[in-house]
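# Observations on chain architecture
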Amino acid sequence: MRVVMMGTGPFAVPTLRRLYESRHDVVALFTRPVRPLHGKSQAEANPMRDTAVARGTTVHDPESINEPHARAVLAGYRPDLLVVCDYGQILAPETLEIARYGGINLHASLLPKYRGAAPINWAIYHGETETGVTIIHMTPRIDAGPAIAQSATPIGDQETAAELEPRLAELGAPLVLESIDAIEAGTVRSIPQDRALATRAPRLKKELGQVDWSRSAAAIANQVRALQPWPKTYTFWQRPAGEPLRLILDRVHVEQAAAATAGVVLEAAGDRLVIGTGQESLVVDSIQPAGKRVLSASEFLRGYPVKPGERFGS
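All residue numbers refer to position in the chain's written sequence, counted from 1. The model is predicted, so local features are restricted to residues of pLDDT at least 70 and side-chain atom pairs to those at 80 or more, both for listing and for counting; the totals for chains, interfaces and linings are taken over all residues. Excluded from the side-chain calculations are hydrogens and water; all other atoms, namely the structure's heavy atoms, are used.

### A look at unusual backbone geometry
The step from Q228 to P229 runs through a cis peptide bond, and the omega angle for that step is 10°. On the secondary structure map, P229 appears in the loop between helix 7 (217–226) and strand 8 (233–238). Backbone torsion omega between W230 and P231 reads 5°, so that peptide bond is classified as cis. Along the chain, P231 turns up in the loop between helix 7 and strand 8. Phi is positive for D143, which is not a glycine, with a value near 55°. We classify D143 as buried; its relative accessible area is 11%. One non-glycine residue, K232, adopts positive backbone phi at about 70°. A run of H or I in DSSP counts as a helix once it spans at least four residues, and a run of E counts as a strand once it spans at least two, with each numbered from the N terminus. On the secondary structure map, K232 appears in the loop between helix 7 and strand 8. Assessed through its relative accessible area of 32%, K232 is described here as partly exposed. Buried residues are those whose accessible area, probed at 1.4 Å on protein chains only, stays under 20% of the maximum for their type, while exposed residues exceed 50% and partly exposed ones sit between those limits.

Following this line, the structure appears as structure tokens:
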């Protein structure tokens, strides 16, 4: 098949590499335009562009894949199939119709759960113990097309979004190839998604990272795991003297404890930094003061004189 790949982020790279290893012909990559990082002179990373250039594949980066010139360029490749993964643009019906078989998308959830831009993060945030990947035949509605293939995997108790993403990317790549072969052979079986079971996974926002200490320790621990590497989970140490200090929670775990006041420091000695929550307590294993490196709890307590009874929060 003549395949046009559409993708930008690292989640799509294993799929592109598998396509290169297959008998199919990757005729072009469409990706997002290169933009400078906020407040910096260097451009944001685009691992898909780097992978394609290394293989001599032509790369296009239109502002909108759906504008007439971009569609004309796409049509010039006479694609049989569009393979879309971590692209960042919605394909209009006219764009999907350019390819003989339309488009398929690799999505990082067990659809119809977690439709949207951040399925990995929201699955962890909500305490799911299992997730997976789904291949869908694309329609104009976001992540709503019929499922072609699906594969599940457990989420580790301490696994972060940053750790889970590459696992799901590798899980999905061979599934994409199997789906392409089934489409070509005419043996694909599409299963419509049950809209009643659909849940949303919207784009993450920075304010999602602030800790509400009235939530349970388990919920906060899930938040910490879910929001890595961005926007991360943060709180403030309300210092008795001086301005509040912003702290990023890096690694934490839950500890059963008697009822305590939410946000109040219960222990702060040796390697033990324990904070009360709405239910049980949260043990901080590693933490990052504003502008500093990540510190273990013992390193942090040696440098910052936190005392039991002091408060964390806004």
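### What about the packing of aromatic side chains?
Stacked, tilted and edge-to-face pairs are distinguished by plane angle, under 30 degrees for stacked and over 60 for edge-to-face with tilted covering the rest, among Phe, Tyr and Trp rings (Trp via its six-membered ring) whose centres lie within 6.5 Å. Throughout the structure, instances matching the rule amount to four aromatic pairs. Geometrically, the ring pair formed by W122 and Y125 is edge-to-face, given 5.1 Å between the ring centres and 65° between the ring planes. Placement of both W122 and Y125 in helix 5 (residues 119–125) is noted, with a separation of three residues, approximately one turn of the helix. Each member of the pair W122 and Y125 is classed as buried. On the numbers, 4.9 Å between centres and 20° between planes, the contact of F300 with Y304 is stacked.

### What about the pairing of strand 11 (residues 272–276)?
A regular strand places its side chains so that they alternate between the two faces of the sheet. Of all the five residues making up strand 11, four are buried; the element is thus mostly covered by neighbouring parts of the structure. Bridge count for strand 10 (residues 265–269) against strand 11 is four bridges, and the pairing is antiparallel. From the neighbouring strand, A268 faces strand 11, where its bridge partner is L273. Strands are treated as partners if at least two bridges between them are detected by DSSP. Between strand 10 and strand 11, which pair antiparallel and follow one another directly, the connecting turn spans two residues, one of which, G270, has a positive phi of 60°.

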